[in-house]
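Letter by letter, the chains look like this.
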Amino acid sequence: MTASGVVKRVGSPLLFGVAFLGVWELIVMAFDIAPFTLPAPSAIWSAFIERFDQVLEETLVTGKNALIGFLLGIVFGVLMSLLTVRFVGVESLLTPLAVAVNAIPIVVIVPILNNMLFGTTSQVPRRLMVMLIVFFVVFINVSKGLRQVSATHLELMRSYAATPWEILLKVRAPNAVGYLFTAMRIAAPLAVITAFVAEYFGGVQSGLATGVRNSLNGSKDVTWAYVIGASVLGLTFYLVSSGLERLHGGKQNSG
Amino acid sequence: MTETSEPIDVTRAVEVIGASMVFNDGTPARVAALNDVDLVVETGDFVSLIGPSGCGKSTLLRLIANLLDPTAGDVRVNGKPAAQARLDQDYGMAFQKSGLFEWRTAAKNIELPLELKGWDKRLRAERVGEMLDLVKLPDRGSNMPWELSGGQQQRIAIARALASHPPLLLMDEPFGALDEMTREHMQSELLQICAATHTTVVFVTHSIPEAVYLSDRVVVMSAGPGRITDTIDVELGGTRNEDTREKDAFYGKITEVREALRGSEMTGEARGIEDR
Amino acid sequence: MRVGLAERALRRTALLLAALGLAAVAWEVYKAIGPEQGGDIFGWRIIPKTNDRVMPHVWEMFAEFGRPAIGSGDQQVWSVLLGYSWFTLRMAFAGLALGAAIGVGLAVLMARLRIVERGLLPYLVISQTIPLIALAPQVTVIRGTLGLPQWTSAATLAAFLSFFPITVSTLRGLQSVPKASLELMDSYAAGWWTTLVKVRFPSAVPYMIPGFKLAATASVIGVIVTEITLGGLRGVGFATIDYSQKVTSQPASVYAAVFAAAALGLIMFGLVVLSESFVMRKRSRETT
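Residues numbered from 1 in each chain as written. Chains lettered and ligands numbered in written order. Predicted model: local features only at pLDDT ≥ 70, side-chain atom pairs only at ≥ 80, totals over all residues.

Enquirer: Just checking my understanding: could you explain unusual backbone geometry for this structure?
Expert: The phi torsion of most residues other than glycine is negative, and most of the peptide bonds are trans. All names here are of chain B. Of note, the phi angle at Asp36 is positive, near 50 degrees, even though the residue is not glycine. Tracing the backbone shows Asp36 in strand E2 (residues 31-41). You can call Asp36 partly exposed: it has 13 C-beta atoms within 10 Å. Residues other than glycine seldom take positive phi values, yet Glu173 does so here, at roughly 45 degrees. The topology assignment puts Glu173 in the loop between strand E7 (168-172) and helix H6 (180-197). (Helix = DSSP H or I, 4+ residues; strand = E, 2+ residues; numbered from the N terminus. Buried ≥ 20, exposed ≤ 12 C-beta atoms within 10 Å, placed from the backbone.)

Structure below.
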């Protein structure tokens, strides 16, 4: 990329961001808006610095829930899609279910999980919720990757008299790896968002959403301090997973 | 340039004078698509542009259509600057992929240029009916493009290009995606349509028989940089029809064009750049 | 072609029902053999309790719809939930409409001006990686200051969630018009807006539909989560929380509320699918 290309790619977003914060700050100043209504960016920043330790603590709680649920979801998603590619019956039962689950606001089952699992003293319901969401994303994508292999490759393998197991290992699985990374990129921010939303449904008094919730009646700069925590967490998940995806893609292109 | 058809009109349909086209100038990806090209197309002529990939034949067509502006030189259509000719809708255009809009019926596709020109609804319907008759698809107007065969789609695209009766038709490998049988059939149809409507045609192709069969003149181009290396007059005498393809004169012209193309290949270093 | 589609939909529905049936059987089997008070694995409390209070029988869940609802006089659960659902659905619609207006507007703006696309798109992507619902308290305060009715908070947050898939899919659609189509419009000397209306939008439709599907689901989620976060909005989301707090008296009510929420999501999704088959009715199957 040329130097002017870099300036264009980084410059315009930077310009937009600075302009946005500037206008926000100016509006708050010009109309003398109380921090209870809308805090200025500068006020948010100082609230964030002031409460840094507390925000960090809640961020780690939510982050841990998201991460554990994320990893479990991947493991189960991959296992299930491997299973369904071998057993067609399972696939035809699970796929319509996965499509339906995608269309419904499945987070509403958090209260049930809370009740089932002593939610008031445990982070487990939240992690299970994250796991469930990630599971479906991974399952749908990896199944697609295992299934959408080139017909030529399959015919070739058949001409080698390869067993289904060998076909899975040599053709289907390598094809599905890219899909897995894509699924991870899609699911990573969802994991954070789900972990966060699950906290709203009650349960243990910890995590970012609890922080936001407790600031409901207070000054909004505290709310925003937690929003910063949530943003950093979500972005981290996204950047790491999309970085992994790109790393894998790059390796495939050069190899 | 040779003067072939009788000069009925003093105004030339197309006049390209010293046109050059350079893409990505000043970067490592610089491509000289056309270098100092002169081309005259007399009114009523059928002229084909033929040459290897990267010879700039499609670029030349786009200069005439004013879809691209030459980096140097001048392009005049019907005696006007190309940009004005585009605004005045002095030409119609057809592409390799029929480019029909899949959300419009065949009739609605033909109607589009008339709609954009602000024609009255009744007049539009009338003209669409005429055009459907012209391309021999009178009862296909209400069909969606995907319900038509490849050849039928291309006929609708030609009808669309001719809907506003432009004096000039620009075609970019319009039959390139058709099978050989359909292709030969469409070529004859095109000749009939052009004879009936007195349309001047500039036709880009890389099929030698197609160029010879259709054209009054075949303009041979070569790559690296794109330029015109030869112009071959095709006089086959009388009306062309399917029998023309069997005549010795036809084969003779094919050989002539092929040799001109080989010669241009020798002189020009093939650069393997796509010509669009 | 119609028949084929209907057949496939029917088959899918049958399979879905079969899957749900199997899940119900698994539920009852676990309830019969699982520990009443749950249990631990490796110190994690992940063995669910099976007593009637948290795992009612499947038939209890359905019977619940006909029982009087807690805290609603002698009104039955189904009619209370119907009222809640209607409330939530309206807010979701408002949110989806707002999200669609913003989403399509932004896409057009970005398609028109490269600088806006370059400057804004990264932020839109970032905005989807963070729980925007965290802004609920902020949104509700501003709503209060502007004197807007309470439901507009939920609609705004639903719009926050639903605009993005619409923006991205619309932008992609507007930008993936075949080059020949654009050249054709150029050859007609048609302006940008004419090209937008006559070519870019129609050819973007197949791209926009998946975006709207995601957005429809997102709008329901946005409203439900807002109800849970803010309180005061008595919709389906509120019902799940409310009933789960009164779980001792009527445990199956929570499940009834969850079914209602699921139905809402499916209804919204179904509406988009219906409008898809209407909009795409004349297009070839290959283009979809």
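Enquirer: How should the domain arrangement of chain C be read in this particular structure?
Expert: Often the size quoted for an interface is simply the accessible area lost on bringing the parts together. Under the domain assignment used here, chain C contains domain 1 (1-55) and domain 2 (68-287). Centre-to-centre, using C-alpha coordinates, domain 1 of chain C lies 28 Å away from domain 2 of chain C. (Domains from an automatic or database assignment.)

Enquirer: What's the story with helix H3 (residues 106-116) of chain B in this structure? I'm lost.
Expert: Helical periodicity: at 3.6 residues per turn, an α-helix aligns residues three or four positions apart in one direction. All names here are of chain B. Here H3 lies mainly inside the structure; eight of its 11 residues are buried. Within the sequence span of H3, burial applies to Ala106, Ala107, Asn109, Ile110, Glu111, Leu112, Pro113 and Leu114. Contact partners of the buried residues in H3: helix H4 (121-134) and helix H5 (150-162). In the stretch just after H3, Gly118 is the one whose phi turns positive, near 80 degrees. (Contact = placed C-beta atoms within 7 Å.)

Enquirer: How should I be thinking about the confidence of the model for chain B in this particular structure?
Expert: Parts of the prediction with low pLDDT should not have their coordinates interpreted in detail. On average, chain B scores 85 in pLDDT, and the residues at 70 or more come to 91%. The model gives residues 268-276 of chain B a pLDDT under 50, and that stretch makes 25 contacts with residues more than four places away or in other chains. (pLDDT = per-residue confidence, 0-100.)

Enquirer: Could you clarify how one ought to interpret the sheet that holds strand E6 (residues 91-94) of chain B in this entry?
Expert: The strands making up a sheet associate through hydrogen bonds between their backbones, and the pairing can be parallel or antiparallel. Residue and element names in this part refer to chain B. Here six strands make up an open sheet; going across it, the order is E6-E7-E8-E3-E9-E10 and the pairing mixed. Two strands in the sheet have a free side with no partner beyond their single neighbour: E6 and strand E10 (227-233). Between one strand axis and the next, the sheet turns by 20 degrees as a mean value, whatever way the strands run. As defined by bridge partners, E7 adjoins strand E8 (residues 200-205) across five bridges and the pair is classed as parallel. Bridging across to E8, Leu169 finds its partner in Val201. Sitting on the sheet, helix H1 (residues 57-64) is in contact with strand E3 (46-50), E7, E8 and strand E9 (217-222), with an inclination near 150 degrees to E8. (Pairing = 2+ DSSP bridges. Axes fitted to C-alpha atoms, helices over the stretch in contact; angles between N-to-C directions.)

Enquirer: Honestly, the interface of chain C and chain B in this entry has me stumped. Any pointers?
Expert: At the junction of the two partners, chain C supplies 18 residues and chain B supplies 16 residues. Going through the elements one at a time, helix H7 (179-187) and helix H8 (192-230) of chain C are the ones with two or more residues in the side of chain C that touches chain B. Per-element accounting of the side of chain C that touches chain B gives the leading share, six residues, to H7(C). Tallied by class, the residues present in the side of chain C that touches chain B amount to eight nonpolar, five polar and five charged. (Nonpolar A, V, L, I, M, F, W, Y, C, P; charged D, E, K, R; others polar.)

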